[in-house]
Amino acid sequence: MVLKSRYFLVFILISFILLPACKEEGIQVLEIPQSSGEDDPPELIPSPVPERTLSICLGDEPDSLFLYGDQSYSAVIIRQAIYDSPVDEVDFQYSSSLLEEIPSQSNGLVVVVPLEVYPGEKIVDSKGNITILASGVEYRPADCSTSDCLETYQNQSPVILDQVEIEFPIKSGINWADGNQLTAVDSEFSFWTAQELFGSRGPRSIRYTASYEAVDPRTILWKGVPGFLGIYSYPEYFFPPLPQHLLANLTMDEMLTSEGTTRQPLSWGPYRITDWVLGDHLTLLKNENFHLNSAGLPIYDALVFRFVESGEEALAAYFSGECEIIANEPGLFDFLPELLVREQAGELNIDFIEGGAWEQVSFGINSLDPKRVLLQDSRTRQAIAQCINREGISWARGDAGPVVEGFFMPGDPRITSQVTGNPYQPAAAVDLLEEIGWVDHDQDLNTPRIAQGVTDIKDGTLFQLTLLTAGIDEVPSSTQLIRDDLKSCGIEVEIELLPASELLAPGPEGPVFGRHFDLAQFAWTTGNYNLCVLFSSVEIPGPYPAYSKGWGGANASGYSNPDFDQACSLILGNLPDQDSTLETYQTAQQIFSEDLPVLPLFFRRQVIVYKSELTGFNNGTYDLFWNIETIH
């Protein structure tokens, strides 16, 4: 049986649209539509007319607004208006409009209790896998936080494991738009709905849950599977409420398809949906039962989301007054130079939302192709990193955030000390290549270096690599820059474009996850998981049982370091707000920077354009429209 990685399926589904096939080049000139000089016929507006309406252009129309339906970014944005996201994360700080407090160990809402576990019961083993307690299973006993205290079950009965309990206290005075009170039962109903929908293949917030119970009308108590402490964030395990009083009698098919769940789901947030004209716009009016109405919120009486198909269409709508905000439209990056000029002129504002996909170049360190052996030495990988002007690539890419030296976003408070990394210094890179034994034998930059005394490399071997990336006809500009920079260091690179579905197909056929590549440029989606797992030895893909994850492993480079494995295991096996976990983050980051299994580039970002007089936006890391009720 081939075991599948718990992250791989999500990655394959999402990464296809997160590859460096973004519109990076061919910056366009925006043509603003001009009036013909003739009076246009007046537009008929239905009555009554709301006093204040905010119009937003969205670059994608969702298929469904059901909570567990369409997960596109446009669907998430619109749900901010109807559900007022239960927990918001803004620049790495949590807040909630629904919960009294964000759970933590310090406020007593997160506790770890010892629990007796008997043979045949479900546990999480020492590697973080859900299994059944049986003879030969390695587990982490209660109060064990390192690999030194792991034990193997030998049919003794029972054993004591840690179980995490999280209490989620819900605020009082919050009602659904129909006037019914929102209670913890609605959150419990949401959990059971998600569990029925996704089953055992669902997200880990379902798989690692032992029980999810409304212990009273205002309190949810979550209990984890015994032995599970690898929580990325506590709010991840709170399930946003669904109106149990309306949906309890629906079948799952009805839940996924009915008008009342997909087109006009009942709101408890600042707005409620009143009209959806497919292919054109969605209208929402103020929710009269919103719990912050007495504070004058939301500011606007109505929202109109207009759906556009391109950056050009969105900007034409903006300058003609059809919308005041443009969001989720990647085509805006094509016009970024001119937009920045117009921002200086006061015609609009531009903000960037950080924290999108993590773009990197993977090294084929431990390839299954015996001929691909040039990148096994970490010093060679460091020299390659120093040859590449990542700042130049970031500057040329409008959708690129600042260059990073690891897998943490800039500003992440978990990283308290910055590593030196491998900055752009081609002269030092050339010296390092010479030291390793890659020599410029003919003093000609147009020819690749050759090996002379390189460990485990035959003398005379040319330094030639193939760089894989997603595309069909046009080579992404960032990929070209990488090739050109490496050429200046004497490393010859051939670019090979592949369709995303072929590039990232599972092994053994797929070149990346089949481990048959030199260099591969692609992006990992980010989310509620620690990226260190992508470089754990257990995640190396390959034939089962030699490789425990089979072809479902995520560690395409084949990188393996016991010290990094131990650090990542500690991160994954301890609670996120423990001091030992925070210390281990620094260790993992330092090892990663020295070994360099991949060359980190940057986290992608989104752009939002809005009227200069609007407030409530800023540059940063957050979910767009988290504060939609206060925008004005």
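Here the structure is a predicted model, which is why all the values come from computation and not from measurement.

Structural notes on the state of the cysteines
Working step 1: This model, assessed by the stated rule, comprises 4 disulfides.
Working step 2: Covalent S-S linkage joins C57 and C323, the inter-sulfur distance amounting to 2.4 Å. Residues C57 and C323 are joined by a disulfide whose S-S torsion is about -100°; by sign, that bridge is left-handed. Here the residue C57 occupies a position in strand 1 (residues 53-58), and C323 occupies one in the loop between helix 8 (311-319) and strand 15 (325-327), the gap between them amounting to 266 residues.
Working step 3: Between the sulfur atoms of C532 and its disulfide mate C568 the distance is 2.1 Å. With the S-S bond torsion at 75°, the cross-link from C532 to C568 turns out right-handed. Residue C532 is found in the loop between strand 23 (519-524) and helix 15 (562-572), and its partner C568 is found in helix 15; the two are separated by 36 residues along the sequence.
Working step 4: Using a relative accessible area of 1% as the deciding quantity, one classes C532 as buried.
Working step 5: If the cysteines joined by disulfides in the protein chain are listed in sequence order, their pairing comes out as 1-4, 2-3, 5-6, 7-8.

Observations concerning helix 12 (residues 426-436)
Working step 1: Buried residues of helix 12: A429, L432, L433 and I436, and no others. End-on view of helix 12: buried residues confined to an arc of 100°, all on one side of the axis. What points out from helix 12, more than 90 degrees from its buried face, is the exposed set A427, D431 and E435.
Working step 2: Among the structural elements, helix 10 (378-387) and strand 19 (438-439) are those in contact with the buried residues of helix 12.
Working step 3: Backbone geometry just after helix 12 places G437 at a positive phi near 120°.

A closer look at the packing of helix 15 against helix 16 (residues 579-595)
Working step 1: Contact geometry for helix 15 and helix 16: axes closest at 9 Å, N-to-C directions at 150°. It follows that helix 15 is roughly antiparallel to helix 16 by the angle criterion. As helix 15 runs across helix 16, the sense of the crossing is left-handed. Residue-level contacts link D563, F564, A567, L570 and I571 of helix 15 to T581, T584, Y585, T587, A588, I591 and F592 of helix 16.
Working step 2: Grouping the constituent residues of the contact of helix 15 with helix 16 by class yields 8 nonpolar, 3 polar and 1 charged.

Some thoughts on the sheet that holds strand 24 (residues 598-604)
Working step 1: If you trace the 6 strands from one edge of the open sheet to the other, you get 18-24-17-23-21-22, paired in mixed fashion. Here the strands that pair on one side only, and so sit at the sheet edges, are strand 18 (400-403) and strand 22 (492-498). Averaged over neighbouring strand pairs, the angle between their axes works out to 30° when direction is ignored.
Working step 2: Two elements, strand 21 (residues 464-470) and strand 22, share 7 bridges in a ladder whose sense is parallel.

Scoring rules and cut-offs
Residues numbered from 1 in each chain as written. Predicted model: local features only at pLDDT ≥ 70, side-chain atom pairs only at ≥ 80, totals over all residues. Heavy atoms only, no water. Disulfide = S-S within 2.5 Å. Helix = DSSP H or I, 4+ residues; strand = E, 2+ residues; numbered from the N terminus. Buried < 20%, exposed > 50% of the residue type's maximum accessible area, 1.4 Å probe, protein only. Arc of directions from axis to C-beta. Contact = heavy atoms within 4.5 Å. Axes fitted to C-alpha atoms, helices over the stretch in contact; angles between N-to-C directions. Parallel < 35°, antiparallel > 145°, perpendicular 65-115°, else oblique. Left-handed = near helix turned anticlockwise from the far one by under 90°. Nonpolar A, V, L, I, M, F, W, Y, C, P; charged D, E, K, R; others polar. Pairing = 2+ DSSP bridges.

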